[in-house]
Amino acid sequence: MEERLFVSSSPHIRDENTIQKMMLDVVIALLPATLGALYYFRINGAKIILLSVLTAVASEAVFQKLRKQPITINDLSAVVTGLLLAFNIPASAPWWIPVLGAVFAIVVVKQFFGGIGHNFMNPALAARIMLMISYTGHMTSWVKPGADAVSTATPLSFVKGLTEVPGKAPKLFDMFMGNTGGCLGETSAILLILGGIYLVYRGIISIQVPAIYIATVAVFTLIFGQFDVYFMVYHLLAGGLMLGAIYMATDYASAPVTPKGRIIFALGCGILTSVFRLYGGYPEGVGFSILLMNIAAPLIEKYTSPRVFGEVR
Amino acid sequence: MKSLTFRGGIHPPGYKETTAHLEVEKAVEPSVVFIPLKQHAGAPCQPLVKVGDRVTVGERIGESDAFISALVHSSVSGTVKEITKIPDATGGEVQAVVIESDGLNEVHPSVKPAGGIESLKPEEIVAAVRNAGIVGMGGATFPTHVKITELKDKKVDNFILNGAECEPYLTADHRLMLENPEDIIYGLRAMMKAKNSKNGFIGIEDNKPDAIKAMKKAAEHYPNIKIVALHTKYPQGASDQLVYACIGKEVPAGGSSSDAGVVVHNVATAAQVAKVLKTGMPSIDRITTVAGNAIANPKNLLIKVGVPIKEVIEQCGGYSKTPGKIIMGGPMMGIAQYTDDVVITKGSSGLLIFDEEEAKIPEPEQCIRCGKCVEICPVNLQPLLISAYSLNNMMEHAEKYRAADCIECGSCSFICPSKRPLLQSIRVAKAAIAEKKRKQSN
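Quick notes on the rules
In every chain, residue numbers begin from 1 and rise along the written sequence. Chain A is the first chain written and ligand 1 is the first ligand written, with later ones labelled in order. Per-residue local features are limited, in this predicted model, to residues with pLDDT of at least 70; the limit for side-chain atom pairs, both in listing and counting, is 80 or more; totals at the level of whole chains, interfaces and linings are taken over all residues. Note that water and hydrogens are dropped before the side-chain values are worked out from all heavy atoms of the structure. In this description, a line fitted to the C-alpha atoms serves as the axis of each element, helices being fitted only across the stretch in contact, and the angle between N-to-C directions of two axes falls anywhere from 0 to 180 degrees. Segments assigned H or I by DSSP are reported as helices when at least four residues long, segments assigned E as strands when at least two residues long, and all are numbered from the N terminus. Should an angle fall under 35 degrees it is called roughly parallel, over 145 degrees roughly antiparallel, and 65 to 115 degrees roughly perpendicular, with every other angle called oblique. Rotating anticlockwise by less than a right angle from the far helix to the near helix defines a left-handed crossing, while the corresponding clockwise rotation defines a right-handed one. Residue contacts are counted whenever heavy atoms from the two residues lie within 4.5 Å of one another. Note on residue categories: nonpolar means Ala, Val, Leu, Ile, Met, Phe, Trp, Tyr, Cys or Pro, charged means Asp, Glu, Lys or Arg, and polar means any other residue, Gly included. Pairing between strands is defined by DSSP: at least two bridges between them are needed. Call a crossover right-handed when, viewed with both strands pointing away from you, the route from the first strand across the helix to the second goes clockwise. Domain borders in the structure are assigned automatically or taken from a domain database. Simply put, the buried area is the total loss of 1.4 Å probe accessible area from both parts when two parts are fitted together. Any Lys or Arg side-chain nitrogen found within 4 Å of a carboxyl oxygen on Asp or Glu counts as a salt bridge. In the analysis that follows, any N or O atom pair within 3.5 Å is treated as a polar contact, provided that within protein one partner can donate a hydrogen and the other can accept it, and provided that, for residues neighboring in sequence, both atoms belong to side chains.

Participant: Whenever I open this one, the packing of helix 2 (residues 77–87) of chain A against helix 3 (residues 96–110) of chain A confuses me. Can you help?
Facilitator: The axes of two packed helices give the description: the angle between them and the distance between them. Residue and element names in this part refer to chain A. Interhelical geometry of helix 2 versus helix 3 gives an angle of 135° and a closest axis separation of 10 Å. Judged by the inter-axis angle, helix 2 sits oblique to helix 3. In this structure, helix 2 crosses over helix 3, and the sense of that crossing is right-handed. Between helix 2, through Ser77, Ala78, Thr81 and Leu85, and helix 3, the contact on the second element is made entirely by Pro98, Gly101, Ala102, Ala105, Ile106 and Lys110. Across the contact of helix 2 with helix 3, the residue classes tally to six nonpolar, three polar and one charged.

Participant: Is there a simple way to think about the sheet that holds strand 9 (residues 158–162) of chain B in this case?
Facilitator: Strands pair in a sheet through their backbones, by hydrogen bonds, and they do so in one of two ways: parallel or antiparallel. Residue and element names in this part refer to chain B. Reading across the sheet, the four strands line up as 11-10-9-12 and stay open at both edges, with parallel pairing between neighbours. Because the sheet does not close on itself, it has two edges, and the strands there are strand 11 (225–230) and strand 12 (262–266). Adjacent strand axes in the sheet meet at a mean angle of 25°, parallel and antiparallel pairs treated alike. Judged from the five bridges that link them, strand 9 and strand 12 form a sheet pairing that is parallel. Across the sheet, the residue bridging to asparagine 158 is valine 262, located in strand 12. In the packing of helix 5 (residues 181–195) onto the sheet, contacts are made with strand 9, strand 10 (199–205), strand 11 and strand 12, and the angle to strand 9 comes to roughly 150°. Strand contacts of helix 6 (residues 209–218): strand 10 and strand 11, with the helix running at about 160° to strand 10, the strand carrying the most contacts.

Participant: Hey, could you run me through the pairing of strand 11 of chain B in this one?
Facilitator: Every regular strand shows the same layout, with side chains that alternate between the two sheet faces. Residues and elements named next belong to chain B. Relative to strand 11, strand 10 runs parallel, the two being bridged by six bridges. When the bridges of strand 11 are listed, glycine 200 appears paired with isoleucine 225. Handedness of the strand 10-helix 6-strand 11 crossover: right-handed.

Participant: Would you mind going over the domain arrangement of chain A with me for this structure?
Facilitator: When the parts of a complex come together, some accessible area is lost, and that lost area is often used as the size of the interface. Residues and elements named next belong to chain A. As assigned here, chain A comprises domain 1 (19–136) and domain 2 (157–300). Each of domain 1 and domain 2 has a C-alpha centre, and the two are 21 Å apart. Of the residues lining the interface, 36 residues belong to domain 1; the matching set on domain 2 comes to 33 residues. Counting the surface domain 1 buries against domain 2, the share from its top three residues, Asp25, Tyr40 and Leu125, is 19%. A salt bridge links arginine 202 to aspartate 25; the shortest N-O distance between them is 3.0 Å. Seen at the junction of domain 1 and domain 2, the total is nine residue pairs in polar contact (both at pLDDT 80 or more). Looking at the side of domain 1 that touches domain 2, the elements that each hand over two or more residues are helix 1 (19–66), helix 2 and helix 4 (123–134).

Written as structure tokens, this is what we have:
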């Protein structure tokens, strides 16, 4: 019988958690916003979500097959990337926009750098920025929620360059619910927050990063808007802040792992977003901010090693 | 306000229900014992007996001149058959005295009570503990007399007993605290006198309210002994974490508990000290939890040192399923065995038998940098980075990230969703760093 004993280094028991279970939790958290997108943007929304997710999964499988690597689509991380990318695309975009974006996200940003855990940027966000710069027209032709695709402007474009919210701007309640112009999944603050609460509850993300990120933007816009709370709340609900703060800035691979590093990372995201929104050329700054902080993450991590228990510095 | 716990840590399933309610049973008398001459951290003993000698219970059969070493005694009366090498539960081989029992258990004349705490001088208590070959019974097996000798330059005011028993499955200390709390307090008082310590603490996880109650009752006449209910969290019983939870002091990294004016012993060690003072019987047996999903009847057994584990397993009804893994100690820090020829020693707190399913080593996937290992590391290391450096043979980087401060609790490997061998690779780095240090000092 002795030949059949396993001998291994301790510990001999492992937690039941797996990558797949964690990614499934993220998918579940994104479900309310997905349903919201389907409700607000109907068939156009469904088309973009499906194309984006399917392309993401397929391109991961094909790439790994070609490279003769184990195929890891079962871990559901490609589904998450596909879903997040779809959330970052306007409903009016042609079919090839999500397809191109998903291939770019998975193949270039994720697999070229070593696959899961090795992407130095958030893949979905990098794809959004790539599409935005390359196909600005398609990526900024916003439509009103509903099946008939009436074109409109995003909430952020109403306040661009202003320090107060103009009268013709969308109502806060509509922005909170998601009944406004914007990318598929970023419009409804309530549905995104709902998913975020689930992620925090399940221990997938810590509340720190989204809370600090959003709070930083709140402070900056409050000061910039001369303590106009309406202006501040408008900024918090507008654009991709909720989506970015809860689901993008918390991406494991591209954010620091150290507790202090995460605080600095979230602060940086908040400051950059405020600066881009209030002084930049584009109405929105969430995407650029997170990507810039992604690049800074290794450096931040390097200088924020926690004090070891009992260490005398 | 004391924290009663530490930062980080994990909550593994307890698996303690199967044995927590089982009273300690005396194991069957062995017919042959294989007593290792090294059951402790430190120098191995040399045999004092020859093949053919008759020995009695409690007779000294091995000793060493080294200060850090522990004497070895016979656990049966009978004849020395052989002095040979047997597999060591901590790896490799160890020299052992093989004694065939005559079944009489005749006690050696040297076994007589050392005396009461009040009548003994500190150095007499240390001598009695040394002569009894007592070691740390939580598993570290450091010779106890070394730790209770008062040092002039290091004042130790706080004396902590570890009753946390944070390892899953194990209930040996729990049973001891329920069944013999008086001896634990007695041993603690004796050791405190030896070390000239003022305050005693007994840290117990709050998943054992009955043990807390029993210990409180036993300690009620000793105002300087405090029973501390700790949060149930692994590794609550790790020495430095326990010190922090009990008295709120951090043991300096790379230093020992006494640098923080504190010393930590296991509750079972204290009970052993009481036993030698009261009866004179040296350390020749211990309580071991036998559990796991492939053992027929899990038990808490009082087993003599030197009994092969296969006899213990037989006594517990044998294997209920094909065994996949045999572990000496707990599931988090215990050592997997390649054979059931290893024997029970002074440090054997647990003997776990897993079936093949439970024993399977999971296939590691890529690190997703979720940071869970960083969140839970009780010493605030970054296991994912140290592990990556170790796997790429970049040991200077592993050293810079303080791999040497790892306490090997295994929480990082436990929590990792990618099932990466984090602790295993950190151990490799630690060994490389220690090797480098050795070379530099030569």
